[in-house]
Protein chains: 4
Amino acid sequence: MTMQAIVHRLTMQHPGDLGALAALFDAGVLEPANVAAVIGKIEGNGGVNDFTRGYFSFALATLMSERLGTSRAEILERIPCVLSGGTEGVLSPHYLVLERRQSGAPPSSAGKRLAIGVAFAAPMAPEAIGRQAHIDGIAGAVQAAMRDAGIDDANDVHFVQVKTPCVTTARAAAAAARGASVVSTDANRAMAYARAAGAFGVAAALAEVDRSALTDQAMLSDFAIHSPRASISSGVEVDRDEVIVLGNSARWTGNLAIAHRPMRDALDLPAVTATLAELGIAAAPQVSAADALRIRGVLVKCEPDRRGAVRGHRHTMLDDTDINAQRHIRGAVGGLVAGVIGDGRIFVSGGAEHQGPDGGGLIAVIAEI
Amino acid sequence: MTMQAIVHRLTMQHPGDLGALAALFDAGVLEPANVAAVIGKIEGNGGVNDFTRGYFSFALATLMSERLGTSRAEILERIPCVLSGGTEGVLSPHYLVLERRQSGAPPSSAGKRLAIGVAFAAPMAPEAIGRQAHIDGIAGAVQAAMRDAGIDDANDVHFVQVKTPCVTTARAAAAAARGASVVSTDANRAMAYARAAGAFGVAAALAEVDRSALTDQAMLSDFAIHSPRASISSGVEVDRDEVIVLGNSARWTGNLAIAHRPMRDALDLPAVTATLAELGIAAAPQVSAADALRIRGVLVKCEPDRRGAVRGHRHTMLDDTDINAQRHIRGAVGGLVAGVIGDGRIFVSGGAEHQGPDGGGLIAVIAEI
Amino acid sequence: MTMQAIVHRLTMQHPGDLGALAALFDAGVLEPANVAAVIGKIEGNGGVNDFTRGYFSFALATLMSERLGTSRAEILERIPCVLSGGTEGVLSPHYLVLERRQSGAPPSSAGKRLAIGVAFAAPMAPEAIGRQAHIDGIAGAVQAAMRDAGIDDANDVHFVQVKTPCVTTARAAAAAARGASVVSTDANRAMAYARAAGAFGVAAALAEVDRSALTDQAMLSDFAIHSPRASISSGVEVDRDEVIVLGNSARWTGNLAIAHRPMRDALDLPAVTATLAELGIAAAPQVSAADALRIRGVLVKCEPDRRGAVRGHRHTMLDDTDINAQRHIRGAVGGLVAGVIGDGRIFVSGGAEHQGPDGGGLIAVIAEI
Amino acid sequence: MTMQAIVHRLTMQHPGDLGALAALFDAGVLEPANVAAVIGKIEGNGGVNDFTRGYFSFALATLMSERLGTSRAEILERIPCVLSGGTEGVLSPHYLVLERRQSGAPPSSAGKRLAIGVAFAAPMAPEAIGRQAHIDGIAGAVQAAMRDAGIDDANDVHFVQVKTPCVTTARAAAAAARGASVVSTDANRAMAYARAAGAFGVAAALAEVDRSALTDQAMLSDFAIHSPRASISSGVEVDRDEVIVLGNSARWTGNLAIAHRPMRDALDLPAVTATLAELGIAAAPQVSAADALRIRGVLVKCEPDRRGAVRGHRHTMLDDTDINAQRHIRGAVGGLVAGVIGDGRIFVSGGAEHQGPDGGGLIAVIAEI
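Residues numbered from 1 in each chain as written. Chains lettered and ligands numbered in written order. Predicted model: local features only at pLDDT ≥ 70, side-chain atom pairs only at ≥ 80, totals over all residues. Heavy atoms only, no water.

We now examine helix H5 (residues 169-177) of chain C. Residue and element names in this part refer to chain C. All of the buried residues along H5 are Arg171, Ala172 and Ala175. Viewed end-on, H5 has its buried residues packed into an arc of 100 degrees, placing them on one side of the element. What points out from H5, more than 90 degrees from its buried face, is the exposed set Thr169, Ala170 and Ala177. For H5, the elements touching its buried residues are strand S6 (157-165) and strand S7 (230-235). Positioned one or two residues after H5, Gly179 has a phi angle of 85 degrees, which is positive. (Buried < 20%, exposed > 50% of the residue type's maximum accessible area, 1.4 Å probe, protein only. Helix = DSSP H or I, 4+ residues; strand = E, 2+ residues; numbered from the N terminus. Arc of directions from axis to C-beta. Contact = heavy atoms within 4.5 Å.)

In structure tokens form, the structure reads like this:
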């Protein structure tokens, strides 16, 4: 028996609308037990008070628990659900349901095919967040997810999505009560450290950077150190690391594959077209309608350049008191990538510290080949 | 003596910073008397309470009045200054100073060159706004600006910027006192009618649409009627139409030319590359750094599609209570165009009713050839 | 057997957090079957894209269905749940669970006590919304809810919360397909008409205004016509009217009562203190900590004055492109009322057309007496 | 000759509108040379990208320079102009022009009268900002302004407005080039330190706190240390401290006086009524229309409580990605104070670290007595 990865790209009318997934279950197209992970772009603000993530997760857990006859809590501990709030500009709310299916077919003889692996780490003490133990924990989880995906060679990994805990006021207080101190008592700063540790963990697992260079001092400081395959989100809703590894494997069958590129800045259009080209899709200048149908998922990380300029020209994202900088950059990079592909269903997430080049980010595309 | 058009693309540290223009004056590079018009993209919110436009205009009038020895009021009546607020995403605050210079050189023998014309209409009664007389008034001003530019053939016009009055509460009351009624007492609606009349006026002047089709009923209703060269802004700060015509003319000299294309929607990347190609600039996929230096100005109009979807995929711009829809679309389209050119100095303006195809807009580029 | 009304004022950590209600159930303090209605103030933006309302409703329906052994749909059709998004400034997220309990005690001999009634109208055709049939439908539902509350005299009604359908694009299209037309195709305008019809329906049911004066022409036009006891919300999530009537009745027992006052504008502090005084609570200038404990619920409606000034001084709420006007006014009036009471748990809702005086609104307070 | 203080409370149509001041000059009511300082509440967002402050300052400097025959730069170095952006909720844009006039009358025999003093410190090195030298510099400037006001006893000072420089990226770089380091390279953090140093400087000058307690360690840490009379703003537009002292003095004449109170939190209504009572104005519950005419200026500082709750109830200001926390708190406290007085012309400013009690702030009122 071989495994086959299928990506269902579904749309929603609002953040609690899982009707499209329920319809797939009802039609027998998708077995609930085959759902390996969910990655979604939803229409909240993407900030601290974005409750659309909780709403979708609750609705998903309710649906899955009803279909699988388990508790909601069990679902949340078994199926990673990674959501990015903010469908600025032309971005369109959607979610990818990653299916793993037993297949009677042999592995594809035409080349490696999309492989999906997931892993959950053990719960983590708040004082470990953003420090060396955090890096090691994530590296271990990434390697476990690679094994789960049947990927031996780190070069075959193209996108690693990590969801990792952050320091909350309550967690910091609990640590203090034990005599331990957290990496930062500033919530946003601690969250940035968590993302940095996540990126460092991925870089370590994939041997992109020498482990000895991944020091505490380098975090949020030496931005030359980065992983062009790491996509990290940090949030209060988890107490341990969740990892989704997407890559290509000779052991899998089907017709999907994945490719990726770092983006050097928010204007890096060539990175988009190069990624597509690797999957045999031309953008001259735009992907044809026929080729667009082959695309199953587009995953992007980006950042408002912290130095205040893009290619030498001042931007105003960081000083805007009205619109959060992450909303600005998602809208801009989303507009660029959607324009190349001709489709607004793009997963674009901000907070890209050490995830791709400084001031840039990365792009991964899943497509039929 | 022939005329030569020069476009100075200047940057600013804040909306009241005209230091770069003052420096050009001080260096003798630009004669104050040669300034024909100013078009700027500044970092306000682009909404009703965007006071950065007033700030820049006041600072410009102060500088020009000091250099030309005239009053501030005189400057504002002689030099059209069109500003669009909102530098969302990668957009970079900048302004174009359009210079008209007497040249000893003959007209370019290598082809038509950039020509600039301006015109001011007579003050308009508020009850005329958004109606047939408004269309005719703008059409007349556009033709006057074409004559000022030395352009005989409407096909040589590539971009028409109009600044036109809107109905304010006070103006509506004044009309009512005379027994006249305005097109709408809803300020936003009346402003949309003013923009529609502006677009219709440009379409009439350029003979793009049969004058008889430009009815009151068609305004804000039949969006198939549009001008792909009209860029209209409507505001309280003016009491009469101001028009800037940009085109190419065999009577002008220099090395600049302008081209334009309609954009069919917010993802119309091919329109951007086609406009550049007409100026001999390749985007494969991105404009080279050398070619980017040839570009002097990029002017874009766009709209959040009022039907709620782009190419069949739902967008969330129109229902967002936190971020104005025009800010969303400027960020997205700005990100796309800036990505093609590799430069965030793009003038992107919303409110594109009848200015380019419904749900889309238009692009014009000025470049060295 | 008499009835007793109990108001549980509960707090939440996020919009999906019903832990406090579940705890009351678990502790046996509140029988799930006794829950008559829920009124909540939650931390969304209060606008079209406020999904916290849907999140809370879904979580409430899930909890209640699990405790009552019914479907989620059944819960939503039986228990009115009215939510107002937006906890601007000092407002604190909370919800009131209105309990109706059978009591062995006789009706209070010391005076009338808080009575709660609810009613659901029949589903309504979209073309009826905002018109005479809508007014009559709501008036009928209000009278049904009064009967449900055991209130005979309209003077004993102090607060009527109505949740009424609005016209959506889909509903307008369905009406058009039948050859019927809706009151307005502008969604916000149609929603304002729905609120106006709601207020007119309450005014009719309570005989506050002569029925013949409640014309279509008066809606959104003659703001002198209003009900100082009507609180209307209109939304896509309902297809028929839901009504909660709160008043005082000689047939009920317990120790709670309700009082109300119109607020003439956003600065009407005397209306707040007069309402409290009627319940025997002094604010000199602030409610004492002991008296504050007697207060169970504070319900406020308010509006940014559409004439652009409050007591002759210009406000900037209506022209703010960054912050929605309703968010502004909720924050200001919430700050005032919370300051008098010394507590941020105030239900403050905007969109007060014909609900209290023009530019003002109303206040109702439930307290122990 | 004695001095008389007159406060002109003027309104504006937009942030560049100084027509009301020009009219006072034209009418001979106010001599331009008598303008001592300006304090204004204007309709920007109050954040980093609030350019309405620059617009107003530029327009004021232009007007004053035309009337006094001096340069704009000279005006800005002589007349302190302190502006707070953000007229949330019912707040109304206005500015106070503080006039000092020679009077033939003797000092008031009925008691101390309003006295105004100003002072400018020497320019400050960026590395001094937010440190001990900064505290001393401000303390010195406050004492100079007290002397300028003819106030000997610190108890007669009721409000000290300080405008102090902040660390910018450029200033930090300049310091680094000299081998000096700044207090924080995080711009917002450095600005908070500057405000803390300002408050400490006022506390030192007024002997409110023992100088030895005003340590670097206490800044932004021990919030029990505060001045209930300090109102500090920090901004890029100044390179040295500007101080306005308002108090009462036996050497001045006229009919104005000032009083103040600390506000213990955002609900401290009793502080408002107590301040008014000291000036002989009752609020029972609201100031009468007649008494409201006696009020010339209301000055408030406030803060969103950094502990996340007000009187034990959770607020959501600090976690709101859509609306800045300072905008929230200004709207709420402004609504409260305006409600007591019945007038939206209240100067409310955020960023109140060490300015009044933690989580609260202060209020000062100028009125006819």
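Moving on, we come to the relation of the copies chain D and chain B. When chain D is fitted to chain B, the best match, at an RMSD of 0.0 Å, comes from turning it 180 degrees and sliding it 0.0 Å along the axis. The relationship between the two copies is best expressed as a two-fold rotation axis. The position closest to the rotation axis in chain D is occupied by the C-alpha of Tyr55 of chain D, lying 2.7 Å away. In this assembly the copies share their binding face: 100% of the residues contributing to the interface of chain D also contribute to that of chain B. (Least-squares fit on C-alpha atoms with pLDDT ≥ 70 in both.)

Attention now moves to the pattern of salt bridges. Counted by the stated rule, this structure contains 97 salt bridges over all chains. Linking Glu43 of chain C and Arg314 of chain D is a salt bridge whose minimum nitrogen-to-oxygen distance equals 2.6 Å. Within this pair, whereas Glu43 of chain C is found in the loop between strand S2 (35-42) and helix H2 (52-68), its partner Arg314 of chain D is found in strand S13 (residues 313-314), the two belonging to separate chains. Residue class for Glu43 of chain C comes out buried when judged on its relative accessible area of 10%. Since its relative accessible area comes to 21%, Arg314 of chain D is described here as partly exposed. Put simply, Arg296 of chain C and Glu368 of chain C hold a salt bridge, and the shortest N to O gap is 2.4 Å. With Arg296 of chain C in strand S11 (residues 295-301) and Glu368 of chain C in strand S15 (residues 361-368), the pair connects residues that are 72 residues apart, well separated along the chain. What emerges from the salt-bridge pattern is a single network uniting Glu88, Arg327 and Arg330 of chain A, Asp320 of chain B together with Asp322 of chain D. (Salt bridge = Lys/Arg side-chain N within 4 Å of Asp/Glu carboxyl O.)

Now for the sheet that holds strand S9 (residues 252-253) of chain C. All names here are of chain C. Reading across from one edge, S3-S2-S4-S1-S9 is the order of the 5 strands in this open sheet, with mixed pairing throughout. For this open sheet the edge positions go to strand S3 (81-85) and S9, each flanked by a neighbour on one side alone. H2 rests against S2, S3 and strand S4 (94-103) of the sheet, and its axis sits at about 150 degrees to S3. (Pairing = 2+ DSSP bridges. Axes fitted to C-alpha atoms, helices over the stretch in contact; angles between N-to-C directions.)

On to the relation of the copies chain B and chain A, then. Rotating chain B by 180 degrees about the axis while translating it 0.0 Å along that axis superimposes it on chain A, leaving an RMSD of 0.0 Å. Taken together, the interface assignments show that 100% of the residues at the interface of chain B recur at the interface of chain A, consistent with an identical surface on both copies.

All names here are of chain A. In terms of burial, strand S15 (residues 361-368) is a largely internal element, 7 of the 8 residues being buried. When strand S10 (residues 256-263) meets S15, the two strands line up antiparallel, connected through 8 bridges. By the bridge assignment, Ala259 is partnered in S15 with Val365. In this sheet, S15 lies alongside strand S11 (residues 295-301) in antiparallel orientation, the contact comprising 6 bridges. Residue pairing for S15: Lys301 is matched across the bridge by Leu362.

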